[in-house]
Structure formats: structure tokens, C-alpha cells
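This is what each chain is made of:
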Amino acid sequence: MSTPQPNAGLEKAGRVKMQVIARAIQQEIPNFPFDSKESKALVDVLRKLADTFGKSADEDQGLMKSETLSMMGLLGNKSPGAGAMAGKPPIPPPPGAGAPPAPSM
């Protein structure tokens, strides 16, 4: 019977996702009072994630951007252009917008 082999691609993807989550946590820390238990808990979690998964390497930056955009879509972020950057078709303009003016007689 063979032993399952680790999948480097899955591990890399998981590592990148954890780095994206760490970045999201880092961005939320200022929303809590400096000495609050919530702020301290977020800082502790961030330290543990950094110790375990490391800081993002340059080679991961492209993957992190795509994962961030993917997570933004899952979270319902409706910022303009987010869909287009994630490979989704752009939202069409409303009817009549950008239409050429009618000829004058």
C-alpha cells in the first residue's frame, strides 16, 4: 500500500490564502481601540499566522492578488472594476448612456 504524497500546489495555495487572511486581519486592527481585548487578540492571531506561514514572498504576490480579488467577490465587495479584474465581464452601461446624439434637422 502506498503512502499519500503531499501536493505542493495545494500547500502553496493554502499558504497564499492564509497570507491573504493575515493581510485582511492586519487591515481590521485599526478599527478597534488600541488597548482593547479585540485588538490584542487580532495582533496575537496575526503573530501566530506570521510565525507559521511566514510573510508573503515576492513570488506569491501575483497569487495573493488573485486570491484577494476572489475573496472580495465571495464577501460581496461590489467596488467598481472588481469584477473586471477578477476576469468577469464588465457591467454594461445603462440604456442610452454613451449613445451618439440624434441628428439635428
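Up top is the structure.
One structure accompanies this document, and this report is about it. (Residues numbered from 1 in each chain as written. Predicted model: local features only at pLDDT ≥ 70, side-chain atom pairs only at ≥ 80, totals over all residues. Heavy atoms only, no water.)

Attention shifts here to the overall build of the protein chain. Helix and strand content of the protein chain: four helices and zero strands. Shown N-terminal to C-terminal, the secondary structure of the protein chain runs as helices and strands in the order α-α-α-α. Entry remark: accessible area of the protein chain is about 8,600 Å², with carbon and sulfur atoms responsible for 62%. (Helix = DSSP H or I, 4+ residues; strand = E, 2+ residues; numbered from the N terminus. Areas by Shrake-Rupley, 256 points an atom, 1.4 Å probe, with all protein chains shown as cover.)

In this section: the packing of helix α1 (residues 8-28) against helix α2 (residues 37-53). Packing of α1 against α2 brings their axes to within 10 Å, and their N-to-C directions diverge by 155°. Taken together, the axes of α1 and α2 lie roughly antiparallel to each other. Where α1 crosses over α2, the handedness of that crossing is left-handed. Two secondary-structure elements touch here, α1 through Arg15, Met18, Gln19, Ala22, Ile25 and Gln26 and α2 through Leu42, Val45, Leu46, Leu49, Thr52 and Phe53. Residues of the contact of α1 with α2, tallied by class, amount to eight nonpolar, three polar and one charged. (Axes fitted to C-alpha atoms, helices over the stretch in contact; angles between N-to-C directions. Parallel < 35°, antiparallel > 145°, perpendicular 65-115°, else oblique. Left-handed = near helix turned anticlockwise from the far one by under 90°. Contact = heavy atoms within 4.5 Å. Nonpolar A, V, L, I, M, F, W, Y, C, P; charged D, E, K, R; others polar.)

Right, let's talk about the environment of Thr52 for a bit. One can find Thr52 in helix α2. Separated by 37 residues in sequence, Thr52 and Arg15 place their C-alpha atoms 9.5 Å apart. A polar atom in the side chain of Thr52 sits 2.9 Å from the backbone oxygen of Lys48. (Polar contact = N/O pair within 3.5 Å; in protein donor to acceptor, adjacent residues only side chain to side chain.)

In this structure the tally under the stated criterion is two salt bridges. In this structure, Glu11 and Arg15 form a salt bridge, with 3.6 Å as the shortest nitrogen-oxygen distance. Here Glu11 pairs with Arg15, and both are found in helix α1, just four residues apart, close to one helical turn. Between Asp44 and Arg47 there is a salt bridge; the shortest N-O distance is 3.7 Å. Within this pair, Asp44 and its partner Arg47 are both found in helix α2, separated by three residues, close to a single helical turn. Looking at Asp44, the relative accessible area reads 41%, which means it is partly exposed. (Salt bridge = Lys/Arg side-chain N within 4 Å of Asp/Glu carboxyl O. Buried < 20%, exposed > 50% of the residue type's maximum accessible area, 1.4 Å probe, protein only.)

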